[in-house]
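A structural walkthrough
What follows is the residue order along each chain.
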Amino acid sequence: MTSTSHSLDLNQTGLTTKTVITTPAAADPLVSDFVYNLVSYVILRSGVQVVLRVFGICANVINILVFLKAGPVDSVTAGFLGLAVADLCFLMIFLASIALIIMDKSFVVYSKIDLSSLSFVISMYPIMFGDVSYLITTYLAIQKACCVAIPLRFKNVFTRTRSIAVVIFTYVVALVYYCPIFVSMALDLQPFRSTKSNSVKLYLLLSPFTRELLRLFRLINKTIIPFATQSVVILCLALLTTHLRRSSKFRQSMKAIKSSNAKGGNTDVADVKGLRAIQSVTLMSAIFVASNLPDICINIATMLVPEFNDRKFLNNLYWVVEESSNIFPIINSSVLILIYLKYNSGYYKQFSKIFRRPSELKKVKL
């Protein structure tokens with residue numbers, strides 16, 4: 001039998017598109033074509049991922065509104081705002097790509113442009129925003145780790161201007177990094193035959209240079225970047241966890257002294273706010289690590305089992321597992337609003353002002 005070769009899925013895609021090239025492939029003995037289409041295309045991509053992406057888009061729009069409503073952007077909010085914009089673009093543009101795939105496969109939609117090819121071209125842009133989200137999350141983890149390691153110098157090091165500059169620099173570097181991919185892909189007119197007429201249609205044209213470039217990007221995006229950011233975040237998470245344990249022991253030992261000090265109450269409030277901020281970033285880092293582990297495990301599995309590959313004997317099994325793993329980055333980009341509401345009192349206050357009636361605000365305990 002022959003199976004359509006899939007494009008080189010890069011990072012956090014949640015999308016598998018086809019090219020116009022077909023390659024021979026043996027039937028997967030573990031996952032049939034019917035099971036692959038049902039699980040990967042119908043259940044995961046067209047069902048679960050669409051629902052999660054819609055939720056994530058709404059959540060990140062709310063995050064952006066709340067952060068902007070909060071007033072002047074400080075060093076911490078700059079990172080959160082940059083992360084929300086990256087996650088919004090990652091989820092929204094990929095949702096448009098999935099919509100094109102659904103239109104191409106599920107509905108008879110005639111167009112002068114091959115929808116699968118257009119979907120693949122569009123999908124390169126949210127992959128870029130996914131990497132921006134990776135890097136900003138890593139920066140936030142480093143920021144809080146430094147808040148623990150150098151508390152007295154933290155405000156002088158992580159100033160508002162520097163944090164905004166880091167976020168903007170991250171976007172610029174990502175754009176420059178992806179420019180070769182963007183300019184190397186093109187839609188070319190190819191003959192198209194249908195039962196109604198013979199005409200031409202725009203299909204994705206991949207040159208040998210583009211294919212080699214995609215392979216290089218795949219190595220970097222699915223191996224180097226995940227391992228590097230994962231390692232940094234895990235180190236920061238370990239530092240934060242150690243600090244939380246030490247702080248808890250210290251507060252217990254000083255509880256009696258603080259309770260007898262008139263100024264101790266203010267110190268406790270400050271400590272609680274700092275603790276909640278550290279807990280929120282700790283939880284964000286933990287979710288980030290958990291969301292990337294499946295992708296890293298898949299890469300290790302492809303090295304240990306060569307047949308477990310998108311173009312090899314176990315290609316159907318590979319794509320079902322890959323499509324399942326793509327759910328986790330979507331969750332990572334969607335659930336941060338729940339963490340903010342739980343641990344960030346300033347965020348909860350602004351959220352309440354925007355989405356609660358004035359009569360309900362009096363009942364909210366901040």
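Read on for a plain summary of the structure. Quick caveat, the model's predicted, so the values are computed rather than measured.

**Digging into the packing of aromatic side chains**
What characterises a pair of aromatic rings is the spacing of the ring centres plus the angle enclosed by the ring planes. On inspection of all chains with the given rule, the structure shows 18 aromatic pairs. Arranged with centres 5.2 Å apart and planes meeting at 50°, the rings of tyrosine 340 and tyrosine 347 form a pair that is tilted. Residue class for tyrosine 347 comes out buried when judged on its relative accessible area of 2%. Cluster of aromatic residues (ring-pair linked, three or more members): Phe67, Phe80, Tyr340, Tyr347, Phe351 and Phe355. The ring of phenylalanine 90 carries the charged tip of arginine 53 above its face, separated from the ring centre by 5.7 Å.

**Examining the environment of leucine 44**
One can find leucine 44 in helix H1 (residues 33–69). A C-alpha to C-alpha distance of 9.2 Å links leucine 44 and asparagine 326, two positions 282 residues apart in sequence. Beyond its immediate stretch of four places on either side in the chain, leucine 44 contacts Val39, Gln49, Val320, Glu323, Ser324 and Ile327.

**Let's talk about H1**
Helix length check: H1, at 37 residues, gives a terminal C-alpha distance of 50 Å against a target of 54 Å (1.5 Å per residue), a fit within 8%. Maximum bend of H1: about 40°, positioned at leucine 44.

Each value, and the rule that gives it
- Residues numbered from 1 in each chain as written.
- Predicted model: local features only at pLDDT ≥ 70, side-chain atom pairs only at ≥ 80, totals over all residues.
- Heavy atoms only, no water.
- Phe/Tyr/Trp six-rings, centres within 6.5 Å; stacked < 30°, edge-to-face > 60°.
- Buried < 20%, exposed > 50% of the residue type's maximum accessible area, 1.4 Å probe, protein only.
- Lys NZ or Arg CZ within 6 Å of the ring centre and 35° of its normal.
- Helix = DSSP H or I, 4+ residues; strand = E, 2+ residues; numbered from the N terminus.
- Contact = heavy atoms within 4.5 Å.
- Expected span 1.5 Å × (residues − 1).
- Bend = angle between axes of the 7 residues up to and from the residue.

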